[in-house]
Amino acid sequence: MMHDKVWLTPKYKESSDIVEIFTFDKSGKISRVEVLQQSNLFSQE
């Protein structure tokens, strides 16, 4: 699991928080990534 801060465009000074959840296969490679974000993240553009 990883927590990130993202900025959609340079004009927005505030960041948005997202969480990424990684699923690994038996060999240790990432097989899936789920991203949790606030519901209105892309409506801010």
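Look a little higher up for the structure.
Residues numbered from 1 in each chain as written. Predicted model: local features only at pLDDT ≥ 70, side-chain atom pairs only at ≥ 80, totals over all residues. Heavy atoms only, no water.

(A) Structural context of the pattern of salt bridges. Evaluation of the coordinates by the stated rule reveals 2 salt bridges. With a shortest N-O distance of 3.0 Å, Asp17 and Lys5 are connected by a salt bridge. Placement of the pair is Asp17 in strand β2 (residues 16-24) and Lys5 in strand β1 (residues 2-6), with a sequence separation of 12 residues. Residue class for Lys5 comes out partly exposed when judged on its relative accessible area of 46%. (Salt bridge = Lys/Arg side-chain N within 4 Å of Asp/Glu carboxyl O. Helix = DSSP H or I, 4+ residues; strand = E, 2+ residues; numbered from the N terminus. Buried < 20%, exposed > 50% of the residue type's maximum accessible area, 1.4 Å probe, protein only.)

(B) Layout of the environment of Ser39. Looking at where Ser39 falls in the secondary structure, it is placed in the segment after β3 (30-37). Residue classification places Ser39 among the exposed residues on the basis of a relative accessible area of 81%. With 24 residues separating them along the chain, Ser39 and Ser15 place their C-alpha atoms 14 Å apart.

(C) Representation of the environment of Ser27 within the structure. On the secondary structure map, Ser27 appears in the loop between β2 and β3. Within the structure, the side chain of Ser27 is placed 2.8 Å from the side chain of Asp25, a separation counted as a polar contact. (Polar contact = N/O pair within 3.5 Å; in protein donor to acceptor, adjacent residues only side chain to side chain.)

(D) Main features of the sheet that holds β2. With respect to topology, 3 strands assemble into an open sheet ordered β1-β2-β3, the strand pairing being antiparallel. Each having just a single partner strand, β1 and β3 make up the two edges of the open sheet. Here the average twist between neighbouring strands, direction ignored, is 30°. Sheet analysis places β1 next to β2, joined by 5 bridges and oriented antiparallel. Its bridge partner lying in β2, Lys5 is registered against Asp17. (Pairing = 2+ DSSP bridges. Axes fitted to C-alpha atoms, helices over the stretch in contact; angles between N-to-C directions.)

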